[in-house]
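# A closer look at the structure
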Protein chains: 2
Amino acid sequence: MNNNSGNDKTMTIHDVARELGVSASTVSRAISGKGRIGAATRDRILDYIEEHGFYPNAAAQSLAQSKTNNIAIILPEVNTLVDMPFFHTCMYGVEEVAQANDYDIIVVTTNGNDTKPLERLIQNRKVDGMILTRTYENDKYVKFLKQKQIPFVAVGKFPDDDVVQVDHDNVGACKELVTVLFAKGIQNIAYLGSNMDQMVNRCRYQGYEEAYRKGKRKLNQDLVYTDLSNKAMVEKAVEELKKSGVECILCQDDYICDEVVRKLARMGVRIPDQMKVASCHYSRILENYPVTITSLKFNITELGRRSCQVLLDMIHGKTVPDKTLLDYEIILKESTKG
Amino acid sequence: MNNNSGNDKTMTIHDVARELGVSASTVSRAISGKGRIGAATRDRILDYIEEHGFYPNAAAQSLAQSKTNNIAIILPEVNTLVDMPFFHTCMYGVEEVAQANDYDIIVVTTNGNDTKPLERLIQNRKVDGMILTRTYENDKYVKFLKQKQIPFVAVGKFPDDDVVQVDHDNVGACKELVTVLFAKGIQNIAYLGSNMDQMVNRCRYQGYEEAYRKGKRKLNQDLVYTDLSNKAMVEKAVEELKKSGVECILCQDDYICDEVVRKLARMGVRIPDQMKVASCHYSRILENYPVTITSLKFNITELGRRSCQVLLDMIHGKTVPDKTLLDYEIILKESTKG
DNA sequence: CTGAAAGCGCTTACAG
DNA sequence: CTGAAAGCGCTTACAG
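It should be emphasised that the depicted structure is a prediction, and the values quoted were computed from it without experimental measurement. (Residues numbered from 1 in each chain as written. Chains lettered and ligands numbered in written order. Predicted model: local features only at pLDDT ≥ 70, side-chain atom pairs only at ≥ 80, totals over all residues. Heavy atoms only, no water.)

## Regarding the overall build of chain A
- Scanning chain A from terminus to terminus reveals twelve helices and twelve strands.
- Taking 2.2 N^0.38 as the reference for a compact globule, 338 residues should give roughly 20 Å; the C-alpha atoms of chain A span a radius of gyration of 26 Å, well beyond that estimate.
- Overall, the C-alpha framework of chain A stretches about 85 × 40 × 35 Å when taken along its three principal axes.
- Residues counted as buried form 53% of the 338 residues belonging to chain A.
- Expressed as a percentage of contacts within chain A between residues at least 6 apart in sequence, the contacts between residues at least 24 apart total 68%. (Helix = DSSP H or I, 4+ residues; strand = E, 2+ residues; numbered from the N terminus. Rg over C-alpha atoms; globule rule 2.2 N^0.38 Å. Buried < 20%, exposed > 50% of the residue type's maximum accessible area, 1.4 Å probe, protein only. Contact = heavy atoms within 4.5 Å.)

What follows is the structure in structure tokens.
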């Protein structure tokens, strides 16, 4: 007693064709909107479909059209309170515009080295394109995708010009932040960063450097730490910096900023009186402090959205800009006051 | 000059059949391992495939076999430092076992109300099953999936017996935690929770209640808050509880715990001397405090893994347990000392 | 504007 | 053990 003519198998295009006394081709045209078709027939078909809930089989469409309406989003393996929200939020953004365009997203997590999962997805033709959410200095995935000529976009900067990139202007943002801090009368600013394999980290450091150059100031390399891979190293750096008499510490991200703030608290060093602090990336972690922290703020969801939009444009054969740079905000707070 | 016989189109099963002088059926059998086939032919085919890198077209396989090798994972829209890592970690777990079984995961984010995205995925037959990562008191998705007879598993408890569930034993865990606290000599324990629409929150409260009953203690409803939906409400509750002279506050999750700890600090109330605190869910947020917090600890990745394993079993027609309850740990720390 | 036919790239009874 | 054929459910030139 259901709509399905007493037949419980899922409806096909032929079922609706038969019911309506037209051919399957005509039904297909009505649905796709492609090819000439009479307005009356089209409406009749569309009405029937609407009413009886016909949904085309994705695999059949995919096979016939050589397109999947799937895109892959490649996530790194991360587990910090800074990284997880970043990638998750970015994924939301991607998903939002994918959904809006009738695309689904296939998520794959990788360690940055094993290209097997990625290859399988491509070779089996399960996706029409890919989004790389993190790029490395020498990125295996990028090489593979370029060679396979798969449409893909890299979230984050990449040295090669022929790679389509969507990113926040990390270089410009850090440069401006440091310049602003100089303008506030701060004489020297230390930099604490970690893994320079990641492009985003290189960019931030570059911005810091450029600000020094622009300000015609001499950058003392003793104030620069770019390979702090754990808490102990950050703590040691903070101790050394305190002794050195530097006025301000610029943190590559909130993970490092978090350690810095805690360490200073344990040392009894007051922010900003005895040490100023700023971070290159605002995340909710910063909300937890008694003292508010000066930082750069990026719109991560928008980053995801734009990446997806650019990828879809590529897939649909439109020409897209090689680089899309998103804006940033500089949030000045207590931690750099005075 | 590539391996592809000078032809740049992607290889099909017929190409390898022709090269090897066998039929497409035989190639198919060699790959799938199904149907009788001579060991020699099989090896010859497999070697060729290995060497020349043939990958079957997923859409074609999907169409012929009516299965997609995709599963969907439904994520709620969340943005707190507690929720995002939870769902992200769970997703990792799912992805890990999906990958290992040659399944891909399609991620869809929903607000819990709009069933459209879910429906599309099902109706177009893009997935073989689904994982619901959050369940609600009256879950629309559950209803839809049951009606459609799609294999699915709910992460978290669900009242209906005919819904396959994978969950931590939230009830038992909270019950035991509260019982342990009683055993330490604490006389009364307040409960701070939020949205009771979510099953997980109901469970935790239920465990708390059961511990009271088991201990034959009278539960004073003035000590119970179950609808704190923002910071201000939590703060007010903390103030009232401090006045009431209660000894210990049990927090439904770390989001609430975070607010409680901060509020107590601002009030100048020392933990654990002047107020004890415990949380029903350990997340990295708790690592940030100067005082360590007693809490329940769950293995979220494992939750994801098991959910996926159960779903795959269902898809493959095995019988699976209606409920899979994962273990928990009780971590006693400073915050409940003395 | 519409239909019949071939094709997308696999799988799987059915013969042999 | 292996092959020819039909079928999965669409799309799309090609005729008319």
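## Structural notes on the UniProt feature "domain: HTH lacI-type" (unreviewed entry) in chain A
- The UniProt feature table records "domain: HTH lacI-type" (unreviewed entry) at residues 11–65 of chain A.
- Secondary structure content for residues 11–65 of chain A is 71% helix and 0% strand, while the C-alpha to C-alpha distance between its ends is 20 Å. (UniProt positions renumbered as here; feature names shortened; annotations may be inferred.)

## Description of the protein's contact with DNA strand C
- Thr26(A), Arg29(A), Arg36(A), Gly38(A) and Ser28(B) are the nearest of the 28 residues found near DNA strand C.
- By atom count, sugar and phosphate contribute 63% of the portion of DNA strand C lying within 4 Å of the protein.
- Thr26(A) is positioned with one of its side-chain polar atoms (N or O) 2.6 Å from a phosphate oxygen of DNA strand C.
- For DNA strand C, a phosphate oxygen lies 3.3 Å from a polar atom in the side chain of Gln61(B).
- Contributing elements (two or more residues each) for the surface near DNA strand C: helix H2 (24–32) and helix H4 (58–65) of chain A together with helix H1 (13–20), helix H2 (24–32) and helix H4 (58–65) of chain B.
- Of the residues assigned to the surface near DNA strand C, the class counts are eleven nonpolar, 13 polar and four charged. (Near = heavy atom within 4 Å. Polar contact = N/O pair within 3.5 Å; in protein donor to acceptor, adjacent residues only side chain to side chain. Nonpolar A, V, L, I, M, F, W, Y, C, P; charged D, E, K, R; others polar.)

## A few points about the side chain of Ser335(A)
- Tracing the backbone through its elements, the reader meets Ser335(A) in the segment after strand S12 (329–331).
- Among the polar contacts made by the side chain of Ser335(A), one reaches the main-chain carbonyl oxygen of Val277(A) at a distance of 2.6 Å.

## Brief notes about the environment of Cys203(B)
All names here are of chain B.
- For cysteine 203, the position within the fold is in helix H9 (residues 199–214).
- Exposure remark for cysteine 203: the relative accessible area of 3% places this residue in the buried category.
- Residues cysteine 203 and lysine 236 lie 33 residues apart in sequence; the distance between their C-alpha atoms is 24 Å.
- When near neighbours in sequence (up to four residues on either side) are disregarded, cysteine 203 contacts Lys157, Asn170 and Val171.

## Overview of the protein's contact with DNA strand D
- As a matter of local geometry, DNA strand D sits amid 27 residues, with Ser28(A), Thr26(B), Arg29(B), Arg36(B) and Gly38(B) nearest to it.
- Here DNA strand D approaches the protein such that, of its atoms within 4 Å, sugar and phosphate make up 63%.
- Residue Ser28(A) places a side-chain N or O atom 2.4 Å away from a phosphate oxygen belonging to DNA strand D.
- One of the backbone nitrogen or oxygen atoms of Asn57(A) is found 3.3 Å away from a phosphate oxygen of DNA strand D.
- Counting only elements with at least two residues in the surface near DNA strand D, the list comes to helix H1 (13–20), H2 and H4 of chain A together with H2 and H4 of chain B.
- The element contributing the most residues to the surface near DNA strand D is H4(A), with four residues.

## Describing the relation of the copies chain B and chain A
- Rotating chain B by 180° and moving it 0.0 Å along the rotation axis overlays it on chain A with an RMSD of 0.1 Å. The relationship between the two copies is best expressed as a two-fold rotation axis. (Least-squares fit on C-alpha atoms with pLDDT ≥ 70 in both.)

## A look at the nonpolar core
- Counting residues in hydrophobic clusters, the biggest one holds 158 residues, and the most contacted among them are Leu192(A), Tyr208(A), Leu192(B) and Tyr208(B).
- When near neighbours in sequence (up to four residues on either side) are disregarded, Leu192(B) contacts Tyr225(B), Leu228(B), Val234(B), Ala237(B), Val238(B), Leu241(B), Ile249(B), Leu250(B), Cys251(B), Gln252(B), Ile256(B) and Val260(B).
- Phe144(A), Val127(B), Met130(B) and Phe144(B) belong to the second-largest nonpolar core, a separate cluster that totals 38 residues. (Core = buried A, V, L, I, M, F, W, Y, C linked by side-chain atoms within 4.5 Å.)

## Section: helix H5 (residues 83–100) of chain B
Residues and elements named next belong to chain B.
- For H5, which comprises 18 residues, the first-to-last C-alpha distance of 26 Å matches the rise-based estimate of 26 Å (1.5 Å per residue) to within 8%.
- Burial runs high along H5: 15 of the 18 residues are buried.
- Just downstream of H5, aspartate 102 is the residue with a positive phi angle, here 60°. (Expected span 1.5 Å × (residues − 1).)

## Examining the confidence of the model for chain A
- Looking at chain A, pLDDT values average 91 and 97% of them are 70 or higher.
- Every residue in residues 1–7 of chain A scores below 50 in pLDDT, and together they form six contacts with partners more than four places removed in sequence or on other chains. (pLDDT = per-residue confidence, 0-100.)

## As for the pattern of salt bridges
Residues and elements named next belong to chain A.
- Counting across every chain of the model gives 44 salt bridges over all chains.
- Residue lysine 175 is joined to glutamate 210 by a salt bridge in which the shortest nitrogen-to-oxygen separation is 3.7 Å. Here lysine 175 is found in helix H8 (residues 170–183), whereas its partner glutamate 210 is found in helix H9 (residues 199–214), with 35 residues between them in sequence.
- Lysine 175 sits in the partly exposed class, given a relative accessible area of 26%.
- Here the residues in one salt-bridge network are Glu96, Glu302, Arg305 and Arg306, joined through shared partners. (Salt bridge = Lys/Arg side-chain N within 4 Å of Asp/Glu carboxyl O.)

## Thoughts on the interface of chain B and chain A
- At the junction of the two partners, chain B supplies 48 residues and chain A supplies 48 residues.
- Interface area for chain B against chain A, summed over the two sides, is near 4,500 Å², with a carbon-plus-sulfur share of 52%.
- Contact with chain A buries surface across chain B, with Tyr55(B), Leu81(B) and Arg125(B) losing the most and accounting together for 15% of the total.
- Counting across the interface, chain B meets chain A through six salt bridges.
- Put simply, chain B and chain A have 26 residue pairs in polar contact (both at pLDDT 80 or more) between them.
- Counting only elements with at least two residues in the side of chain B that touches chain A, the list comes to H4, strand S1 (70–76), H5, strand S2 (104–110), helix H6 (116–123) and helix H11 (254–267) of chain B.
- Classifying every residue of the side of chain B that touches chain A gives 23 nonpolar, 14 polar and eleven charged.
- Here three bridges tie strand S2 (residues 104–110) of chain A to S2(B), and the two strands are oriented antiparallel to one another. Residue pairing across strands places Ile105(A) opposite Val107(B), the latter belonging to S2(B). (Buried area = accessible area lost by both parts, 1.4 Å probe. Pairing = 2+ DSSP bridges.)

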